[in-house]
Number of protein chains: 2
Amino acid sequence: MVADGGSGEDEFIGRFFRPIATDAAARGLLDDAAILTPPADCDLVLTKDAVVAGVHFFPDDPPASIARKVMRVNLSDLAAKGARPLGALLALALPRDVTGAWMEAFSAGLGADADFYSCPILGGDTVRTPGPLTLSITAFGAVPHGRFVPRTGARPNQAIIVSGTIGDAALGLQWRLDPARPGFTALDPAHVAHLADRYLHPQPRLALAGALRDHAAAGMDVSDGLVGDVAKMLSASGCGGRIFAGRVPLSLAARAAIAAEPALFATALTGGDDYEIAATLPLGEVEAFLAAARAVGIPCTVIGETRAQSGLDLLGPAGDPMVLEQLSFSHF
Amino acid sequence: MVADGGSGEDEFIGRFFRPIATDAAARGLLDDAAILTPPADCDLVLTKDAVVAGVHFFPDDPPASIARKVMRVNLSDLAAKGARPLGALLALALPRDVTGAWMEAFSAGLGADADFYSCPILGGDTVRTPGPLTLSITAFGAVPHGRFVPRTGARPNQAIIVSGTIGDAALGLQWRLDPARPGFTALDPAHVAHLADRYLHPQPRLALAGALRDHAAAGMDVSDGLVGDVAKMLSASGCGGRIFAGRVPLSLAARAAIAAEPALFATALTGGDDYEIAATLPLGEVEAFLAAARAVGIPCTVIGETRAQSGLDLLGPAGDPMVLEQLSFSHF
């Protein structure tokens, strides 16, 4: 008689992933695939993001934070489309030197976010790699049929809005890279902690999904830098616009850093990892949208307006055009 | 005025992926996510497999073959669950030394399979890695509501069947690793080519999906080796069984290699990468299933039977128990 086919991979999955994959659709991670009955009268929203150690995160970031970040990056895409999460699949390519303690913390972080955001882990694949830790998450969401919020829906004479505050994560990254910069040495420790946390732990704006569906013409998540991403959205929509830099919402921590080192303003406007929502709204929808956003606890700010002529102008506090060295951050 | 937000990644996607992502749900790869209306009265089947250069494929494999293999590995999971493909997302982590010609061939292979298997590329993510080329595909399929074929459905006194032929890919891999082995030096070049092709180009048995839904109690795809995978399916179902090694279907090429080097029989029975379907059938369904499989051009073979007692016996041609060093192949 031969054994029951158990392998090292099966044991690994049983130890680290089965305990967090408790949704029925995951089938205990014992099947070839997950099985999910889609909600009636909904469209599916499908997104997939990959990250690599040393490229998209620091190899010594806390494992729970790495798990949460890749999860939330995907959830942010769902939020921008007006969707609610249905579930996620994880692919994990692991170097040999990853320890059991690292995996336990990673799995705990992933499971906590899956619970918090009602986005159950439904399956995936774990493989070995001689290279850096590499992972991808595929997230599935649902939006009422025909109601998803496209990136291509902006039209002239709409308001451009953004959620939350911009630039915190980019400043948190710069602090990680060079804490001795003048913008950071003078900061209150609580401000440093705020920026560092915003880099490590994006806040997917899923609570805004309903307001976006009800009021927005176009939406996207701001992942590669505000100015470049808004430029992308308007270009995809076939229009242009302008952003008033002085209206871009900044946290107290970001304001303090920029006051100490004004060059960090450009970093805030063009750095990546905000995972806030940018959207355009017909002018008649602005008040209702802002009220709905306040009602779910996510303040949003009008930062500019669209126009027929292509291109995006960035106007400084005095109304003068600002020139930036680069519009957005790219690892590519 | 600032530019339109175009980045190196956007240009890359435009050059290599937009031409093959022509399905409306992909939205020209210009949005944050893909949007898909699920078919009525269907369940979704979700699967994700990852592969790493130097671990799961040879770095110098033809790029079109690498693309096709990771696509087909996922489609094989859909087939085993009785599903038809709806679409796929790709995550690609690329080393810097990948050339445009390599990418063109990769994209062409992926696009050809997306067309051939009616599984459109709907989106994904491309990132840079300092490590080996790493990719994952997430495939989505549909199965009529409540009709998916579970791995856990085997019951005592059912027939165990397998599709196609077993061991070709494992022998093709061994030939790649050591073509001077006695099992290979005597082979006809056409037989060598057959084995090598079966390793490079799995044949997902999507045409069997309907017959599996109509007749099978349990199903899975054979990816890690026949004996270990059937043992897994029976264990997950809470039963056991036996396989008659002499009934396992072998290609002429595999027969010739085993005749020249009998130790390769164990390789065929336990090696990976078959991507055939193993299933269990109530005895009353066997004839109808085999006829339906013949009708779609995929011969299937009864290789054993299930029983209440746990464990899987492998019986040699003379009815004697065969002992194997390992049941299945694992990269893990």
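Fair warning: this is a prediction, and the values are worked out from it, not measured in the lab. (Residues numbered from 1 in each chain as written. Chains lettered and ligands numbered in written order. Predicted model: local features only at pLDDT ≥ 70, side-chain atom pairs only at ≥ 80, totals over all residues. Heavy atoms only, no water.)

(A) Region of the structure containing the overall build of chain A. What chain A contains, in helices and strands, is 11 helices and 11 strands. A compact globule built from 332 residues would reach a C-alpha radius of gyration of about 20 Å, and chain A, at 21 Å, matches this within 12%. A total of 332 residues make up chain A; the buried ones form 63% of that total. Taking the contacts inside chain A whose residues are at least 6 apart along the sequence as the reference set, 87% of them involve residues at least 24 apart. Counting every atom, chain A has about 11,900 Å² of accessible surface; 54% of that belongs to carbon and sulfur. Put simply, chain A has 25 plus and 36 minus side-chain charges, and the middle of one group is 4 Å from the middle of the other. (Helix = DSSP H or I, 4+ residues; strand = E, 2+ residues; numbered from the N terminus. Rg over C-alpha atoms; globule rule 2.2 N^0.38 Å. Buried < 20%, exposed > 50% of the residue type's maximum accessible area, 1.4 Å probe, protein only. Contact = heavy atoms within 4.5 Å. Areas by Shrake-Rupley, 256 points an atom, 1.4 Å probe, with all protein chains shown as cover. Lys, Arg positive; Asp, Glu negative; His and termini not counted. Charge placed at Lys NZ, Arg CZ, Asp CG, Glu CD.)

(B) Representation of the confidence of the model for chain A within the structure. Looking at chain A, pLDDT values average 94 and 96% of them are 70 or higher. Every residue in residues 1–5 of chain A is under pLDDT 50, and counting partners more than four places away or in other chains gives 19 contacts. (pLDDT = per-residue confidence, 0-100.)

(C) Layout of the state of the cysteines. In this structure the tally under the stated criterion is 0 disulfides over all chains. Of all cysteine sulfurs, the one in B:C300 lies closest to B:C239, which takes part in no disulfide; the gap is 19 Å. (Disulfide = S-S within 2.5 Å.)

(D) Representation of unusual backbone geometry in the model. Unusually for a residue other than glycine, B:S118 sits at a positive phi of about 50 degrees. Among the structural elements, B:S118 can be located in the loop between α3 (100–116) and β4 (121–128).

(E) Focus on the pattern of salt bridges. Per the stated rule, a full pass over the model turns up 40 salt bridges over all chains. Two residues, A:D31 and B:K81, come together in a salt bridge whose shortest N-O distance is 2.4 Å. Of this pair, A:D31 sits in the loop between α1 (8–16) and β1 (34–36) while B:K81 sits in the loop between α2 (63–80) and β3 (84–94), each in a different chain. For the pair shown, A:D31 and B:K81 are each scored as buried. One continuous salt-bridge network, built from bridges that share partners, spans A:R27, A:D31, A:D32, B:K81 and B:R151. (Salt bridge = Lys/Arg side-chain N within 4 Å of Asp/Glu carboxyl O.)

(F) Focus on the domain arrangement of chain A. Residues and elements named next belong to chain A. As assigned here, chain A comprises domain 1 (8–144) and domain 2 (158–315). Across the contact, 24 residues belong to domain 1 and 20 residues belong to domain 2. For the pairing of domain 1 and domain 2, the buried interface totals around 1,800 Å² over both sides, and the portion due to carbon and sulfur atoms is 60%. For domain 1, the biggest contributors to the area lost against domain 2 are F58, K69 and R72; these three give 30% of the whole. Counting every contact that joins domain 1 to domain 2 gives 7 residue pairs in polar contact (both at pLDDT 80 or more). (Domains from an automatic or database assignment. Buried area = accessible area lost by both parts, 1.4 Å probe. Polar contact = N/O pair within 3.5 Å; in protein donor to acceptor, adjacent residues only side chain to side chain.)

(G) Up close: the pairing of strand β5 (residues 134–144) of chain A. All names here are of chain A. Along β5, 10 of the 11 residues are buried, which leaves the element largely enclosed by surrounding structure. Pairing geometry for strand β2 (residues 42–52) and β5, over 11 bridges, is antiparallel. Looking across to β5, one finds that T47 is bridged to A139. Pairing of strand β3 (residues 84–94) with β5, which is carried by 9 bridges, proceeds in the antiparallel orientation. What sits directly across from A88, in β5, is A139. (Pairing = 2+ DSSP bridges.)

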